[in-house]
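Residues per chain are reported as follows:
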Amino acid sequence: MKISKSYFLCSNTKFDKLPKDNIPEYAFIGRSNVGKSSLINMLTQHGGLAKTSSVPGKTITINHFVINDSWYIVDLPGYGFAQHSKKTREEWRIMLNNYISRRRNLVTTFVLVDSRIEPQASDIGFMEWLGENGVPFCIVFTKADKLSKTQVNLNVENYKKRLLEDWEELPPIFVTSSEKQVGRDEVLDYIEQQNNEIENLKKTNGL
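Since this is a predicted model, take the numbers as computed values, not measurements. (Residues numbered from 1 in each chain as written. Predicted model: local features only at pLDDT ≥ 70, side-chain atom pairs only at ≥ 80, totals over all residues. Heavy atoms only, no water.)

Q: Just to check I follow, could you spell out the sheet that holds strand β7 (residues 173-175) for this structure?
A: What links the strands of a sheet is backbone hydrogen bonding, and the strands pair in either a parallel or an antiparallel sense. Strands sit in the order β1-β3-β4-β2-β5-β6-β7 across an open sheet of seven strands; the sheet is mixed. Each edge of the open sheet is held by one strand with a lone partner, namely β1 (6-12) and β7. Put simply, the sheet's adjacent strands are angled 25 degrees from each other on average, direction ignored. Pairing analysis gives three bridges linking strand β6 (residues 137-142) to β7, with the strands arranged parallel. (Pairing = 2+ DSSP bridges. Helix = DSSP H or I, 4+ residues; strand = E, 2+ residues; numbered from the N terminus. Axes fitted to C-alpha atoms, helices over the stretch in contact; angles between N-to-C directions.)

Q: I'm lost on the packing of aromatic side chains in this one. Help?
A: Any aromatic ring pair is given by two values, namely how distant the centres are and how the planes are angled relative to each other. The full count for this structure, using the stated rule, is 10 aromatic pairs. Each ring, one from Phe141 and one from Tyr159, has its centre 5.2 Å from the other, and the planes form 85 degrees; the classification is edge-to-face. Remark: Tyr159 occurs in helix α4 (residues 149-163) and Phe141 occurs in strand β6; sequence separation between them is 18 residues. A relative accessible area of 2% places Tyr159 in the buried class. Pairwise contacts between aromatic rings join Tyr26, Phe28, Trp71, Phe110, Phe174 and Tyr190 into one cluster. Sitting above the plane of the Phe15 ring, Arg102 keeps its charged end 4.1 Å from the centroid. (Phe/Tyr/Trp six-rings, centres within 6.5 Å; stacked < 30°, edge-to-face > 60°. Buried < 20%, exposed > 50% of the residue type's maximum accessible area, 1.4 Å probe, protein only. Lys NZ or Arg CZ within 6 Å of the ring centre and 35° of its normal.)

Q: Which parts of the structure should I look at to understand helix α3 (residues 121-132)?
A: The first and last C-alpha atoms of α3 sit 16 Å apart over 12 residues, in line with the 16 Å expected at 1.5 Å per residue. In this fold, the buried residues of α3 make contact with β2 (25-30), α2 (86-102), β5 (106-114), β6 and α4. One or two residues past the end of α3 sits Gly134, with phi positive at roughly 65 degrees. (Expected span 1.5 Å × (residues − 1). Contact = heavy atoms within 4.5 Å.)

Q: Is there a simple way to explain the pattern of salt bridges in this structure?
A: Note that side chains of opposite charge can pair when their charged atoms are close. Inspection of the entire model under this criterion finds 12 salt bridges. Arg104 is the partner of Asp21 in a salt bridge, and the nearest nitrogen-oxygen pair spans 3.0 Å. With Asp21 in the loop between β1 and β2 and Arg104 in the loop between α2 and β5, this pair connects stretches of sequence that are 83 residues apart. Overall, the relative accessible area of 29% leaves Asp21 in the partly exposed class. We classify Arg104 as exposed; its relative accessible area is 71%. Sharing partners across several salt bridges, the network here consists of Asp145, Lys146 and Glu179. (Salt bridge = Lys/Arg side-chain N within 4 Å of Asp/Glu carboxyl O.)

Here it is in structure tokens:
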């Protein structure tokens, strides 16, 4: 897929204020400081599209970006960062639950995981919640450039083994590096495939 146009549309904390749900939407979420904004910028080849920060927990809103005037990328707040108040974290949880469970045009949620660390309870728990609620998702391992290829592969295989303790089959998995441009084609090809399937379904149904 070639991305020829991308721009920031809006930020929201209220479900009823989100933009129209008339085009496919792909959400990106993960633990704080996992590299969401860097990945979005790498995918779009637009260095300043999503604001990056060295401060964990910086994203506190649902941020919509329009891609090729035909689909959305959504940058969601990170989870697992305890510096914010319990009240604020609970508000985020409710906001995210509403968005993920009620957003009709949400096609896939990309769950970002740092390839350098072992499985975390917050990541596993979030994936289990997605599965229990029938929300399609993919796992995106980030920061692969920080390790050798052998170590990355070993970490990913160990992660798969952990997931298979509870899951009968695994979701799609991607390994990425925003710095080295690794995994860009694979993620975008997956999104393009999903968009094509949606368009074919519309044609079949005469929409």
